[in-house]
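Residue-level listing of the chains:
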Amino acid sequence: MTDTTLKHLAIIMDGNGRWAKERGLKRTKGHEAGAETIRDITTYCADHSSIETVTFYAFSTENWKRPKFEVEFLMKLLDQYLKNELPTYQKHNIRFQAIGCIDHFSKALQKRIKESEERTKTNSSLTQVLALNYGGRAEITQAVNKLIAEGKKSVSQEDISAALQTPYSDIDLLIRTSGEVRLSNFLLWQVSYSELYFTPTLWPDFTTEELDKILKDFEKRHRRFGGAV
Ligand code: IPE
Ligand code: IPE
Ligand code: MG
């Protein structure tokens, strides 16, 4: 195993609104197109030999600030996506899991999420994680409160890692589309030593060919983790 083995890929899918605007379409059309991209990238990851987990940022704790109709559209789209996706999950042996505070969603959507998790729980070629109503600070705060409730007086880094909602390995590579160069409260604990890649491509235009190029770039990097060259 080399230090550039890619086990956990994380993606901040950004630029759906601008993609739609460029085409004179409503923002919601951009979200629809973006959902197609998630499918393509996920199946690519399922076929990739080393990737075990791909985590997509789908809805942040800050995204509630958007107009009500857009939030409602995103909820409907998520429900539709999960409903349509089941055959793909089964065909490609993909496990689906959600992270984030989903109890803020409607009962029907929570049920859909739980069902998708339940029905795919024995699939093993890839875990697709969708971050839904997710915030990195919220996740860390929740973890610390959990440890306090367990009676801990002081905590180690290992304790915090274990108490997070994400029982997955640290992120090896984080990609953000759309040209924005920020983390927007995504996986703050888990990205401490991630390689970062920012591309100007808007999420609906992001392709498996571009991902392929990014992975080749990642393989050439020297991850030192603070050690000497
Ligand atoms: C990302 O695209 C999707 C979500 C955050 C839900 P945006 O909707 O943020 O697209 P831009 O940034 O406005 O172009
Ligand atoms: C980050 O994108 C959240 C998701 C991709 C779900 P935003 O478009 O919400 O982030 P900002 O507002 O540009 O930081
Ligand atoms: Mg955005």
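In the block above lies the structure referred to throughout.
Residues numbered from 1 in each chain as written. Chains lettered and ligands numbered in written order. Predicted model: local features only at pLDDT ≥ 70, side-chain atom pairs only at ≥ 80, totals over all residues. Heavy atoms only, no water.

Draft legend 1. Fine view of the packing of helix α2 (residues 27-47) against helix α3 (residues 68-91). In the contact formed by α2 and α3, the axes pass within 10 Å of each other and the chain directions differ by 30°. Here α2 is positioned roughly parallel relative to α3, judged by the angle of their axes. In this structure, α2 meets α3 at a crossing whose hand is right-handed. Note on element contacts: α3 touches α2 through F69, E70, F73, L74, L77, Y81, N84, E85 and T88, opposite R27, T28, H31, E32, A35, I38, R39, T42 and T43. (Axes fitted to C-alpha atoms, helices over the stretch in contact; angles between N-to-C directions. Helix = DSSP H or I, 4+ residues; strand = E, 2+ residues; numbered from the N terminus. Parallel < 35°, antiparallel > 145°, perpendicular 65-115°, else oblique. Left-handed = near helix turned anticlockwise from the far one by under 90°. Contact = heavy atoms within 4.5 Å.)

Draft legend 2. Focus on the nonpolar core. In this structure, L9, I11, C45, F56, I113 and L211 are the most contacted members of the largest nonpolar core, which totals 42 residues. Here the element with the most residues in this core is α3; it accounts for 10 residues. With residues up to four places along the chain from it excluded, the contact list for F56 reads I11, M13, I38, I41, T42, Q128, V129, L130, A131, F186 and W203. Formed by 12 residues, the second largest nonpolar core is a distinct cluster that contains I12, Y134, I171 and F186. (Core = buried A, V, L, I, M, F, W, Y, C linked by side-chain atoms within 4.5 Å. Buried < 20%, exposed > 50% of the residue type's maximum accessible area, 1.4 Å probe, protein only.)

Draft legend 3. Representation of the site of ligand 2 in the model. The local shell around ligand 2 consists of I12, M13, D14, Y57, A58, F59, S60, N63, R66, R176, R182 and S184. At a separation of 3.4 Å, an oxygen atom of ligand 2 approaches a polar side-chain atom of R176. Considering each element in turn, the shell around ligand 2 owes the most residues, four residues, to strand β2 (residues 53-60). Looking at the shell around ligand 2 residue by residue, the class counts come to five nonpolar, three polar and four charged. (Near = heavy atom within 4 Å. Polar contact = N/O pair within 3.5 Å; in protein donor to acceptor, adjacent residues only side chain to side chain. Nonpolar A, V, L, I, M, F, W, Y, C, P; charged D, E, K, R; others polar.)

Draft legend 4. Representation of the sheet that holds strand β3 (residues 94-99) within the structure. Strands sit in the order β3-β4-β2-β1-β5-β6 across an open sheet of six strands; the sheet is parallel. If you trace the sheet from one side to the other, it starts and ends with β3 and β6 (195-198), each paired once. Sheet twist, expressed as the mean angle between neighbouring strand axes with direction ignored, is 20°. Alignment of strand β1 (residues 8-12) against β2, held across five bridges, turns out to be parallel. Within β2, the residue paired with I12 across the bridge is Y57. Across the sheet, α2 touches β1, β2, β3 and β4 (126-134), and the angle it forms with β4 is around 145°. Sitting on the sheet, helix α7 (residues 208-219) is in contact with β1, β5 (173-176) and β6, with an inclination near 140° to β5. (Pairing = 2+ DSSP bridges.)

Draft legend 5. Looking closely at the packing of aromatic side chains. What the rule picks out here adds up to nine aromatic pairs. Seen from their ring centres, F56 and W203 are 6.2 Å apart, and the 65° between their planes marks the pair as edge-to-face. Of this pair, F56 sits in strand β2 while W203 sits in the loop between β6 and α7, placing them 147 residues apart in sequence. A residue is classified by how much of its surface remains accessible, and F56, at 0% relative accessible area, is buried. The class of W203 is buried, set by a relative accessible area of 1%. With a centroid separation of 5.2 Å and 50° between ring planes, the pair formed by Y193 and F225 is classed as tilted. With Y193 in the loop between β5 and β6 and F225 in the segment after α7, the pair connects residues that are 32 residues apart, well separated along the chain. What makes Y193 partly exposed here is its relative accessible area of 45%. (Phe/Tyr/Trp six-rings, centres within 6.5 Å; stacked < 30°, edge-to-face > 60°.)

Draft legend 6. Representation of the site of ligand 1. Every residue lining ligand 1 is accounted for by M13, D14, G15, N16, G17, R18, R27, H31, A58, N63, R66 and L74. Within the backbone of G15, an N or O atom sits 3.4 Å from an oxygen atom of ligand 1. A distance of 2.8 Å separates an oxygen atom of ligand 1 from a polar side-chain atom of R18. Compared with its free state, where it exposes 380 Å², ligand 1 has 86% of that area covered by protein. When contributions to the shell around ligand 1 are tallied by element, the ones reaching two or more residues are α1 (16-22) and α2. (Areas by Shrake-Rupley, 256 points an atom, 1.4 Å probe, with all protein chains shown as cover.)

Draft legend 7. Just the packing of α3 against helix α4 (residues 107-119), in detail. In contact at an axis separation of 10 Å, α3 and α4 are set at 15° when each is read in the N-to-C sense. On the basis of the axis angle, α3 is roughly parallel to α4. Along this stretch, α3 crosses α4, giving a crossing that reads as left-handed. Where α3 approaches α4, its residues M75, L78, D79, L82, K83, L86 and Q90 are matched on the opposing element by L109, R112, I113, S116 and R119. Residue classes in the contact of α3 with α4 are distributed as six nonpolar, two polar and four charged.

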